[in-house]
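# Tertiary structure, described
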Amino acid sequence: MRRRAYGVVVVVAALVASAGCSSKYADDKGASGATVGNRTIKPVDGCGKSSWTDPADLSPTRVPARCQPLAPSAQPLPKTRKLTIATGTLSAEYVAPLEVALDKGEFKKEGLDVTLKVLPTPDALPLLAKGDIDAMWAAPEAAVMNGIQGGFDIKWVAGNFSPDPKSKSGLWVKLKNGEAAADVRMASRRMGTMIGKGSVIAYPMEKALANHGGGLDKIQYQQLGSADVLTALQNGGVDSAWLLDPVWRKVDGNPRYAFLGGQPLGEPLGGMLYGRTLLHDDVDAGVALLRAYIRTVDTYFANDYKSDPSFVAYLAKLLKTDEAVLKSTPSLTMDWEIRAGTTTRLQAAYKAAGVSKGAALPESRTVDRSLYEEAVGHQP
């Protein structure tokens, strides 16, 4: 039974996509369930009203969705399914839920044999579109939006995190003599970044620049390696820089530098991306993967996970990073939901940066919330 009709996916050369089936849930006609499309959505133990928030709620103080620890419980697939998830790194903190899920056997409980494969987005994107990999732990960057525009059948299906209010990961500027943070004017300044114009960071960067007389088209970019961004800012090679965790701690508190803004609170800008395999051919596996991810967040990352010294030590070992460095920044707010309009705002920033053209794609082409909603039993 088809979950939705779809046609040929164009992937550079003509790649033919085949329709698939979603068997287990499509045939499960529980009396207490609600049918959405051809899939039956049932209430899930441990996941009540708190497991879903209105996507239109953009409040920076929004409490993220949560189920109880160990929920939603596993629903093993009848046959083990091998899945490959591409990720740009295995050492970043935002990848921790996937690594913990793998290490603690949460994927295995669902009947999933998951491999995390390090691949940058440009390399992973065509593989996802072709079905050579099953998912990407990345972000709806300009390359993704342009790929969908060109025919890639890819959607953003789950969020990852938003920053803690105490985090100062974002745009920093070196103040000129007599200059204060409130009157910094960014137009024509040179900014160092390891992230190109087509990154999701373009969206919060545009907001920060707009508050200081700048814009993505009014500044000069200098792309640098991760180890060079801070050095260039400190020695005057650039006037400003986008500093990530935990690099910003090196200038925090120094009156010569000012923090101008970072990622919006309460709004994840990345997470899980699916291609046609998990969107259409095997939706059961797609839901199972998100169920394991959500259960991992609820069990290990629900609150301030860095308040537990033993867990920090475990996480540092798992991520192969220094424990002191990991403790130097606030816990991320892990959040599997996707806010309304995020991909529209991202596309506007990409257009302003000159890396995207044409009309913005509607959210129906870029986002699918139905899989995580099914995983927590949310009935529309």
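Residues numbered from 1 in each chain as written. Predicted model: local features only at pLDDT ≥ 70, side-chain atom pairs only at ≥ 80, totals over all residues. Heavy atoms only, no water.

## Section: the overall build of the protein chain
Check the secondary structure of the protein chain and you find 13 helices and 16 strands. Its C-alpha radius of gyration of 21 Å places the protein chain within 12% of the 21 Å reference for a compact globule of 380 residues. Counting only C-alpha atoms and orienting by the principal axes, one finds that the protein chain spans roughly 70 × 50 × 35 Å. Here the protein chain holds 380 residues, and 53% of them are scored as buried. Sequence-distant contacts, at least 24 apart, represent 80% of the contacts inside the protein chain between residues at least 6 apart. (Helix = DSSP H or I, 4+ residues; strand = E, 2+ residues; numbered from the N terminus. Rg over C-alpha atoms; globule rule 2.2 N^0.38 Å. Buried < 20%, exposed > 50% of the residue type's maximum accessible area, 1.4 Å probe, protein only. Contact = heavy atoms within 4.5 Å.)

## Thoughts on the nonpolar core
Where a protein is soluble and globular, its nonpolar side chains tend to be buried together. Residues Met272, Tyr274 and Leu289 are the most contacted members of the largest nonpolar core, which totals 97 residues. In terms of residue count, the dominant contributor to this core is helix H8 (residues 283-300) (ten residues). Discounting residues that sit within four places of it in the chain, Tyr274 has contacts with Leu128, Asp134, Ala135, Asp153, Ile154, Lys155, Val157, Leu279, Gly286, Leu289, Leu290 and Leu371. Counting twelve residues, the second largest nonpolar core, distinct from the first, contains Val229, Ala232, Leu233 and Tyr257. (Core = buried A, V, L, I, M, F, W, Y, C linked by side-chain atoms within 4.5 Å.)

## Concerning the packing of aromatic side chains
The final tally for this structure, using the stated rule, is eight aromatic pairs. Between Trp172 and Phe259 the ring centres are 5.4 Å apart and the planes differ by 45 degrees, which places this aromatic pair in the tilted class. With Trp172 in strand E10 (residues 170-174) and Phe259 in strand E14 (residues 257-262), the pair connects residues that are 87 residues apart, well separated along the chain. Here a set of aromatic residues connected by ring pairs shows up, and it is made of Tyr300, Phe301, Tyr305, Phe311 and Tyr314. It is Lys104 that lies over the ring of Tyr314; its NZ or CZ is 4.6 Å from the centre. (Phe/Tyr/Trp six-rings, centres within 6.5 Å; stacked < 30°, edge-to-face > 60°. Lys NZ or Arg CZ within 6 Å of the ring centre and 35° of its normal.)

## A short note on the packing of helix H5 (residues 202-210) against helix H11 (residues 342-353)
Where H5 contacts H11, the two axes come as close as 8 Å, and the packing angle between them is 70 degrees. Relative to H11, the element H5 is oriented roughly perpendicular. Packed against H5, whose contacting residues are Ala202, Tyr203 and Glu206, the element H11 presents Arg345, Leu346, Ala349, Tyr350 and Ala352 at the interface. Classifying every residue of the contact of H5 with H11 by side-chain character gives six nonpolar, no polar and two charged. (Axes fitted to C-alpha atoms, helices over the stretch in contact; angles between N-to-C directions. Parallel < 35°, antiparallel > 145°, perpendicular 65-115°, else oblique. Nonpolar A, V, L, I, M, F, W, Y, C, P; charged D, E, K, R; others polar.)

## Overview of the pattern of salt bridges
Overall, the coordinates contain 19 salt bridges when judged by the stated rule. The residue Arg295 makes a salt bridge to Glu106 at a minimum N-O spacing of 2.7 Å. Of the two residues, Arg295 is situated in helix H8 and Glu106 in helix H2 (residues 106-109); the sequence distance between them amounts to 189 residues. In this structure, Arg295 and Glu106 share a single accessibility class: buried. (Salt bridge = Lys/Arg side-chain N within 4 Å of Asp/Glu carboxyl O.)

## Things to note about the state of the cysteines
A complete count under the given rule lists one disulfide for this structure. Between the sulfur atoms of Cys47 and its disulfide mate Cys67 the distance is 2.1 Å. Taking the sign of the S-S torsion, 110 degrees for the link of Cys47 and Cys67, the bridge is right-handed. Here Cys67 lies in the loop between strand E4 (39-41) and strand E5 (81-87) and Cys47 lies in the loop between E4 and E5, a separation of 20 residues in the sequence. The exposure class assigned to Cys67 is buried, which follows from its relative accessible area of 8%. (Disulfide = S-S within 2.5 Å.)

## Concerning the side chain of Thr342
Inspection of the secondary structure assignment puts Thr342 in helix H11. Not counting residues up to four positions away in its chain, the partners in contact with Thr342 are Trp156, Glu267, Pro268, Leu269 and Glu363.

## Section: H8
A rise of 1.5 Å per residue sets the reference length of H8, with its 18 residues, at 26 Å; its end C-alpha atoms lie 26 Å apart and thus fit the reference within 8%. A large share of H8 lies buried, amounting to 16 of its 18 residues. (Expected span 1.5 Å × (residues − 1).)

## Topic: the confidence of the model for the protein chain
Here the protein chain shows a mean pLDDT of 89. Residues at 70 or above account for 90%. A low-confidence stretch, residues 1-31 (pLDDT under 50), is modelled with 70 contacts involving residues beyond four sequence positions or located in other chains. (pLDDT = per-residue confidence, 0-100.)

## Notes on the environment of His378
Counting through the fold element by element, His378 comes out in the segment after helix H13 (370-376). Judged by relative accessible area, His378 falls into the buried class, the value being 18%. As for His378 and Cys47, which are separated by 331 residues in sequence, their C-alpha atoms are 8.6 Å apart. If we skip the residues at most four places from it in the chain, His378 touches Ile41, Trp52 and Glu373.

## Remarks on the sheet that holds strand E12 (residues 220-223)
Here five strands make up an open sheet; going across it, the order is E12-E11-E13-E10-E14 and the pairing mixed. Two strands close off the open sheet at either side, each with one partner strand: E12 and E14. In this sheet, neighbouring strand axes are inclined to one another by 25 degrees on average, regardless of whether the strands run parallel or antiparallel. Here strand E11 (residues 190-193) pairs with strand E13 (residues 240-243) via two bridges, running parallel. In the strand pairing of E13, Gly192 is matched with Ala241. Sheet contacts for H5: E10, E11, E12, E13 and E14; angle to E14, the most-contacted strand, approximately 125 degrees. (Pairing = 2+ DSSP bridges.)

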